[in-house]
Amino acid sequence: MILYYICFFTKRQASTMLNLILFGPPGSGKGTQSEKLIRKYGLKHLSTGDLLRSEIASQTVLGLEAKKLMDRGQLVPDEVVIGMISSALESNPQAKGFLFDGFPRTSAQAEALDRLLELKNTGINKMIAMQVSEEELVSRLLKRGMTSGRSDDNNEGVIRARIAEYHNKTAAVADYYQKFGKVVSVKGEGNVDEIFEGLCKEIDEVLVA
Ligand code: ADP
C-alpha cells in the first residue's frame with residue numbers, strides 16, 4: 001500500500017513537469033531567451049554548449065577533446081552530450097521541469113532524450129523553434145564574438161560551418177518532434193522583449209492545456 005502511494009505520487013509529480021526544447025540555429029537567441037524563461041517559469045536550464053564550455057574551463061579531458069571540434073564548428077559526438085544530459089537529469093531530481101537549449105542537435109540525441117525522460121515518467125511538452133534569417137545570424141555571432149571571448153564566434157568561416165552543421169544534422173530534429181505534433185515556430189527577430197512575449201504565449205498554451 002505504501003509502495004502504491006509512493007509510485008502514485010512520483011508518477012503524478014513527474015507528469016506535471018514542464019519540459020521544453022528551445023530550438024534554432026546558432027545565434028538565434030536561445031541563450032538570451034533561456035535566461036528569461038527559466039526565471040519566469042522556474043525551470044532548470046540545460047545548455048549543452050554551457051556544459052561543454054565549463055568542461056573546457058576546467059581543462060578536463062572531455063573539454064579538451066570537445067574544444068577541438070567546437071573550434072572547427074563541428075558537433076561533439078552524441079555519446080558525450082547524451083552522457084552530460086543524463087547526469088544533469090540525475091542530479092536535478094527536484095526540478096519542476098527542464099529547458100533544453102542546444103540539445104538535442106541530432107536525431108540520435110532526440111531519441112536518447114525521449115528515453116531518458118520516459119525513465120522519469122515524463123516527456124517533452126513542446127519544441128519552440130526560433131526563426132532567424134541566415135544573414136542576421138552571421139552578423140549577430142560576429143558581433144557577439146567581439147565581446148564573448150568565444151573562439152567559435154570570431155571567425156566567419158567557423159560561424160558558417162556551424163550553420164552548415166545545423167542544416168545538415170540539426171534541422172531534422174524538428175521533423176522528429178513534428179511527427180508528434182510538438183513543434184511551433186516563433187519569430188526570432190525584433191527586440192528581445194517582443195520575442196520573449198511570443199515564446200511565453202506558446203508556453204502558456206501548454207500550461208492551460
Ligand atoms: P551556438 O548555438 O551559438 O552554436 P552552443 O553554445 O549551443 O552555441 O554550442 C557551441 C558548440 O558546442 C557547437 O558548435 C558544438 O560544437 C557544441 N555543442 C553544443 N551542443 C551540442 C550538442 N547537443 N551536440 C553536439 N555538439 C554540441
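The structure we're discussing is the one just above.
As the structure is a prediction and not an experimental result, all values here were calculated from the model.

(A) Up close: the overall build of the protein chain. Within the protein chain one finds 9 helices and 5 strands. Overall, the protein chain shows an N-to-C arrangement of helices and strands of α-β-α-β-α-α-α-β-α-β-α-α-β-α. Taken over the C-alpha trace, the protein chain has a radius of gyration of 17 Å; the compact-globule value for 209 residues is 17 Å, and the two agree within 12%. The principal-axis extent of the C-alpha atoms belonging to the protein chain is close to 60 × 40 × 30 Å. Residues classed as buried in the protein chain amount to 45% of the 209 residues present. Sequence separation of 24 or more characterises 75% of the internal contacts of the protein chain that already satisfy a separation of 6 or more. Of the roughly 11,200 Å² that the protein chain leaves accessible, carbon and sulfur atoms contribute 55%. If you average the places of the 27 positive and of the 27 negative side-chain charges in the protein chain, the two averages end up 3 Å apart.

(B) Structural context of the packing of helix H3 (residues 48–57) against helix H4 (residues 61–70). Orientation of H3 relative to H4, taken along the N-to-C sense of each, is 120 degrees, at an axis distance of 7 Å. Between H3 and H4, the crossing angle belongs to the class labelled oblique. Handedness of the H3/H4 crossing: left-handed. Across the interface between the two elements, Leu52, Arg53, Glu55 and Ile56 from H3 touch Leu62, Gly63, Ala66, Lys67 and Met70 from H4. Its residues assigned to classes, the contact of H3 with H4 shows 5 nonpolar, 1 polar and 3 charged.

(C) Summary view of the environment of Glu90. Locating Glu90 in the fold gives a position in helix H5 (residues 78–90). With 26 residues separating them in the primary sequence, Glu90 and Leu116 have C-alpha atoms 9.7 Å apart.

Reading guide: rules and limits
Residue positions within a chain follow its written sequence, with the count starting from 1. In keeping with the model being predicted, local features are shown solely for residues with a pLDDT of at least 70 and side-chain atom pairs are shown and tallied solely at 80 or more, while totals for entire chains, interfaces and linings include all residues. No hydrogens and no water enter the side-chain calculation; it runs on all heavy atoms of the structure. Going along the chain from the N terminus, every DSSP run of H or I of four or more residues is numbered as a helix, and every run of E of two or more is numbered as a strand. Two things to know: the radius of gyration comes from C-alpha atoms, and the globule rule equals 2.2 Å times the number of residues to the power 0.38. Only protein chains enter the accessibility calculation, which uses a 1.4 Å probe; a residue is then buried when its area is under 20% of its type maximum, exposed when over 50%, and partly exposed in between. Pairs of residues are marked as contacts when any of their non-hydrogen atoms sit within 4.5 Å. Computed by Shrake-Rupley with a 1.4 Å probe, the accessible areas treat only the displayed protein chains as cover when residues are assessed. A residue counts as positive if it is Lys or Arg and as negative if it is Asp or Glu; His and the chain ends are not included. For the purpose of locating charges, the reference atoms are NZ of Lys, CZ of Arg, CG of Asp and CD of Glu. Axis lines are fitted through C-alpha atoms, for helices just across the contact stretch, and the angle between N-to-C directions can take any value from 0 to 180 degrees. Orientation is classified from the angle alone, with under 35 degrees giving roughly parallel, over 145 giving roughly antiparallel, 65 to 115 giving roughly perpendicular, and any other angle giving oblique. Left-handed describes a crossing whose near helix is turned anticlockwise from the far helix by less than a right angle; the clockwise case is right-handed. Classes in brief: Ala, Val, Leu, Ile, Met, Phe, Trp, Tyr, Cys and Pro nonpolar; Asp, Glu, Lys and Arg charged; the others, Gly included, polar.

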